[in-house]
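Architecture at a glance
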Amino acid sequence: MISGRVTGRIWSSRRVDTLPTGALLKVTLDDGGSLIALDPLGCAEGEAVLIVQGSVAAAYFPDIRAPVDALIIGSIDEQSRAD
């Protein structure tokens, strides 16, 4: 799992039929990189999120062959900091 922060939305007028319902969000990762993730939760811009990738992300949708490589699975309310 990786963590990051939602920095934008991706809008598309055409989608593959097997893409599950959810928003496509741009996420800036804690390591400085970025990716596009499917968000079935309804996260907002600026929100800290937890993401899974690869076969784990696609397996979240057992009834369809979802073309999903990055999936937001949680919203981070608070992060503890080691002092």
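Before reading on, note that the structure itself is shown above.
What counts and how
Residues numbered from 1 in each chain as written. Predicted model: local features only at pLDDT ≥ 70, side-chain atom pairs only at ≥ 80, totals over all residues. Heavy atoms only, no water. Helix = DSSP H or I, 4+ residues; strand = E, 2+ residues; numbered from the N terminus. Buried < 20%, exposed > 50% of the residue type's maximum accessible area, 1.4 Å probe, protein only. Contact = heavy atoms within 4.5 Å. Areas by Shrake-Rupley, 256 points an atom, 1.4 Å probe, with all protein chains shown as cover. Lys, Arg positive; Asp, Glu negative; His and termini not counted. Charge placed at Lys NZ, Arg CZ, Asp CG, Glu CD.

1. Observations concerning the overall build of the protein chain
A tally of regular secondary structure across the protein chain gives one helix and five strands. When the helices and strands of the protein chain are placed in sequence order, the string is β-β-β-β-α-β. Its C-alpha atoms give the protein chain principal-axis dimensions of roughly 45 × 25 × 20 Å. Residues classed as buried in the protein chain amount to 33% of the 83 residues present. Contacts in the protein chain between residues at least 24 apart in sequence constitute 51% of all its contacts with a sequence separation of at least 6. Summing over all exposed atoms, the protein chain offers an accessible surface of approximately 5700 Å²; the carbon and sulfur share of this is 49%. When the 7 basic and 11 acidic side-chain charges of the protein chain are each reduced to a single mean position, those positions are 9 Å apart.

2. What to know about the environment of Tyr60
Its place among the elements puts Tyr60 in the loop between helix H1 (55-59) and strand E5 (70-75). Look at Tyr60 and you get partly exposed, because its relative accessible area is 49%. When the C-alpha positions of Tyr60 and Leu71 are compared, they lie 8.7 Å apart, and in sequence the two are 11 residues distant.

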